[in-house]
Amino acid sequence: MAELNLSVHAGEVYGFLGPNGAGKTTTLRMLLGLIRPTSGRVRLFGAEPGTASLARVGALIEGPAFYPYLSGRANLRILADHAGVRRTRVDDVLDVVTLTDRAKDKYSTYSLGMKQRLGLAAALLKEPELVVLDEPTNGLDPAGMADIRVTLRKLAADGCTVLLSSHLLAEVEQICDRVGVLDHGRLVAETTVPDLRAGGALRVVAGPLEQAREHLGLLLGADRVHTDGAALELDVDPGEAGRINAGLVAAGLDVTELRWHEPDLEQTFLALTGGTPDAA
Amino acid sequence: MLRDIRAELLKQSRRPASWLLLAVAVVLSLTFGYAVPYAGLDGAPASGGPGAGRGLSAMLPDAFVGSALGGLPIFVGALALIFGVLVAGSEYGFGTWKTVLVQNPSRVAVFGAKLVTVAVAGLAVVLALFAATAGASALVASLQGQALVWPSASDVLLGLGAGWLVTTMWGALGVLLAIGLRSVALPIGLGLVWLLAVQNLLASIAAPLLTWVAELQKVLPGPNAGALAASFGASAPGVEQIVGSGQATAVLAGYVVVFAVLGGWLLHRRDIA
């Protein structure tokens, strides 16, 4: 890691993105005091990770891990004791993650989705200001993922800040307010999801294609017109679409498609991290 | 730290393996302290085996403290070591160190709670052994028509304390090995090899041949545990009064402190992978 500075605003869901091996989990482990940096310092809430700062943080790191011979409720009671919170808090968090009905069953009998929910419940025990979640939807089916997303949005709505590490771009796109992109231990971008995807183009399919390209070159300037297969991509403001359409029609060209095209998050992510499609 | 102790006690008291270890300790103590010697009362070999000299008198109530402590340097010590490894090593096996530590307890407090749990479990084992052997000795006395003569309360309390110290020492070694090796299987394997094989080889083969090994025996945990048990009349393989009970107590207490400090230091310093 090198000079990594994440600015996570209160009450937002922050997505922490990066290809495998970029250092996401290492960053979170350092943040939580589980590992120490070989050099330099880690600061959380303006202080080194310690009793005071970590008291404000709940976390689920690298998947849930509990005592298999104990029930979900007993596991949470143990963690409540370690956290120094009332045991009555256990029922509250079981309710939040909708596990109350299975709380008396042994953890070893839980499905993966239930284990993830129990992990989330453990992260909420301290009523934290910041919840740090490392790949919380890993291995979940679509319904389980949706459940977690709803819970996270509800947490944010209740004023809790969520730092979510994920490699699932669609998930980040759906629930995160802002994202930070990590590559080789360095933060290469930190912005909102719409801004991360900025740089779209007006996509035009018109025929004959060569005549359309020449006409638009004269209209906009040749350097703003690019050919992409059977289509043209124009570096223009979306508001110019009407004028461009009128010009093409007036020139007798057949316009079959004219739409604003934004690059998807994956393309942006790969461009930022210099990765190949399977690296995400 | 009280909350951490409560958490650790809950973890271990709900764990089936803890109760299995306790049951095995009691069954083995009764088997080799009473059932086997009683069955051999009339047909015991004249000499040779370690149990050959164990007659009726060793099974009567006034000798039950020694009988209860007889297994401590051997199998009960091994079981205490296994328990200590399970208390700390299972956190690596289950991957629960991170789950616990992100709740923000201090590592030293969690480690201290584990040691307290080992000590509490050690006391529970010794109490169970005392109760079981007292009952067995009363049964033997009634079967043989002997009078029920019990040891003094001070002897019983001193015996309990000695047993507690020995089990705690082996349990603390188990905790240290688990944290040092960050696993369960290897610490148990290495601990048992030391406790059941190396110590006996040193005592039976090396010590008679080499003076310095004989001297070294006086500061090793096993021989001192044996010496402490022997001072209460215990008779078993590895139970030999090579030092006085005072020195044995001091050495064992020293080991508890060393194991505790080393284990706490390792846990505090190391990253949690």
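Residues numbered from 1 in each chain as written. Chains lettered and ligands numbered in written order. Predicted model: local features only at pLDDT ≥ 70, side-chain atom pairs only at ≥ 80, totals over all residues.

Draft legend 1. The arrangement of the overall build of chain A in detail. Across its full length, chain A carries 11 helices and 10 strands. Over its C-alpha trace chain A gives a radius of gyration of 24 Å, far above what one expects of a compact globule, namely 19 Å for 280 residues. For the C-alpha atoms alone, the extent of chain A along its principal axes is close to 75 × 45 × 30 Å. A separation threshold of at least 6 residues defines the contact pool for chain A, and within that pool the share at least 24 residues apart is 69%. (Helix = DSSP H or I, 4+ residues; strand = E, 2+ residues; numbered from the N terminus. Rg over C-alpha atoms; globule rule 2.2 N^0.38 Å. Contact = placed C-beta atoms within 7 Å.)

Draft legend 2. How the structure looks around the overall build of chain B. Of regular secondary structure, chain B possesses 11 helices and zero strands. For chain B, the α and β elements follow one another from N to C terminus as α-α-α-α-α-α-α-α-α-α-α. In terms of C-alpha radius of gyration, chain B reaches 19 Å, essentially the compact-globule figure of 19 Å for 273 residues. Dimensions of chain B, computed from the C-alpha atoms along their principal axes, are close to 60 × 45 × 30 Å. The burial tally for chain B puts 47% of its 273 residues in the buried class. The contacts in chain B between residues at least 6 apart in sequence include a share of 82% that link residues at least 24 apart. (Buried ≥ 20, exposed ≤ 12 C-beta atoms within 10 Å, placed from the backbone.)

Draft legend 3. Region of the structure containing helix 10 (residues 221–230) of chain B. Burial within helix 10 of chain B is extensive, with 10 of its 10 residues counted as buried. Buried residues in helix 10 of chain B make contact with helix 3 (64–70), helix 4 (72–94), helix 7 (153–181), helix 8 (185–209), helix 9 (211–217) and helix 11 (245–269) of chain B.

Draft legend 4. Looking closely at the interface of chain B and chain A. Taken together, the 23 residues of chain B in the interface contact 25 residues of chain A. Mapped onto the side of chain B that touches chain A, the elements with two or more residues apiece are helix 1 (2–13) and helix 5 (97–101) of chain B. It is helix 1 of chain B that provides the largest number of residues to the side of chain B that touches chain A, a total of six residues. Residue composition of the side of chain B that touches chain A, grouped by class: nine nonpolar, six polar and eight charged. (Nonpolar A, V, L, I, M, F, W, Y, C, P; charged D, E, K, R; others polar.)

Draft legend 5. How the structure looks around the sheet that holds strand 3 (residues 130–134) of chain A. Residues and elements named next belong to chain A. Strand order in the open sheet formed by six strands is 2-3-4-1-5-6, with mixed pairing between adjacent strands. The open sheet has two edge strands, strand 2 (57–60) and strand 6 (186–192), and neither has a second partner. Sheet twist, expressed as the average angle between the axes of neighbouring strands with direction ignored, equals 15°. Lying over the sheet, helix 5 (residues 112–124) contacts strand 2 and strand 3, oriented at roughly 165° with respect to strand 2. Across the sheet, helix 6 (residues 142–157) lies against strand 1 (13–17), strand 3 and strand 4 (161–165), angled at about 145° from strand 4, the strand it touches most. (Pairing = 2+ DSSP bridges. Axes fitted to C-alpha atoms, helices over the stretch in contact; angles between N-to-C directions.)

Draft legend 6. Focus on the nonpolar core. A:L32, A:A121, A:V132, A:V162, B:M169, B:V175 and B:L252 are the most contacted members of the largest nonpolar core, which has 134 residues in total. Those residues within four positions of B:V175 in sequence are excluded, and the remaining contacts are B:G84, B:V87, B:A88, B:K114, B:L115, B:V118, B:F259 and B:G263. By size, the runner-up hydrophobic cluster in this structure holds 12 residues, among which are A:L202, A:A206, A:L232 and A:L234. (Core = buried A, V, L, I, M, F, W, Y, C linked by C-beta atoms within 7 Å.)

Draft legend 7. Structural view of the sheet that holds strand 9 (residues 231–234) of chain A. Residues and elements named next belong to chain A. Pairing in this open sheet of four strands is antiparallel, and the strands run 8-9-7-10 from one edge to the other. The open sheet has two free edges, formed respectively by strand 8 (225–228) and strand 10 (254–261), since each of these has just one partner strand. On average, adjacent strands in this sheet sit at an angle of 25° to one another, irrespective of strand direction. Note: strand 7 (residues 201–207) against strand 9, three bridges, orientation antiparallel.

Draft legend 8. Structural detail: the packing of helix 3 (residues 72–83) of chain A against helix 5 of chain A. All names here are of chain A. At a minimum axis distance of 10 Å, the contact between helix 3 and helix 5 shows a crossing angle of 25°. Relative to helix 5, helix 3 is oriented roughly parallel. Considering how the two elements wind past one another, helix 3 and helix 5 form a crossing that is right-handed. Between helix 3, through G72, N75, L76 and L79, and helix 5, the contact on the second element is made entirely by L118, A121 and A122. A per-class count over the contact of helix 3 with helix 5 returns five nonpolar, two polar and no charged. (Parallel < 35°, antiparallel > 145°, perpendicular 65-115°, else oblique. Left-handed = near helix turned anticlockwise from the far one by under 90°.)

Draft legend 9. Layout of the domain arrangement of chain A. If you check the domain split of chain A, you get domain 1 (13–196) and domain 2 (201–261). Summarising the inter-unit geometry, the C-alpha centres of domain 1 of chain A and domain 2 of chain A are found 47 Å apart. (Domains from an automatic or database assignment.)

Draft legend 10. Region of the structure containing the environment of A:Y110. Residues and elements named next belong to chain A. Locating Y110 in the fold gives a position in the loop between helix 4 (89–96) and helix 5. A sequence separation of 32 residues divides Y110 from I78, and the C-alpha atoms of the two residues are 18 Å apart. Other than its neighbours up to four places away in sequence, Y110 contacts G72, K115 and L118.

Draft legend 11. The arrangement of the environment of A:R149 in detail. Residue and element names in this part refer to chain A. For R149, the position within the fold is in helix 6. Owing to 17 C-beta atoms within 10 Å, R149 belongs among the partly exposed residues under this scheme. Separated by 12 residues in the primary sequence, R149 and T137 place their C-alpha atoms 8.6 Å from one another. Not counting residues up to four positions away in its chain, the partners in contact with R149 are Q174 and I175.

Draft legend 12. Quick peek at the confidence of the model for chain A. For chain A, per-residue confidence averages 84 on the pLDDT scale, and 95% of positions sit at 70 or higher. Confidence, expressed as mean pLDDT per element, reaches its minimum in chain A at helix 11 (residues 265–273) of chain A with 70 and its maximum at helix 3 of chain A with 94. (pLDDT = per-residue confidence, 0-100.)

Draft legend 13. How the structure looks around the pairing of strand 7 of chain A. Bridging between strand 7 of chain A and strand 10 of chain A involves seven bridges; their strand directions are antiparallel. Residue pairing across strands places A:V205 opposite A:E257, the latter belonging to strand 10 of chain A.

Draft legend 14. View of the packing of helix 2 (residues 16–39) of chain B against helix 6 (residues 107–144) of chain B. Residue and element names in this part refer to chain B. At a minimum axis separation of 10 Å, helix 2 and helix 6 run at an interaxial angle of 30°. Put simply, helix 2 runs roughly parallel to helix 6. Seen from above, helix 2 lies across helix 6 with right-handed handedness. Contacts from S18, L22, A25, V26, S29, L30, G33, Y34 and Y38 of helix 2 reach helix 6 at A121, V125, A128, L129, A132, T133, A136 and V140. Taken together, the residues of the contact of helix 2 with helix 6 sort by class into 13 nonpolar, four polar and no charged.

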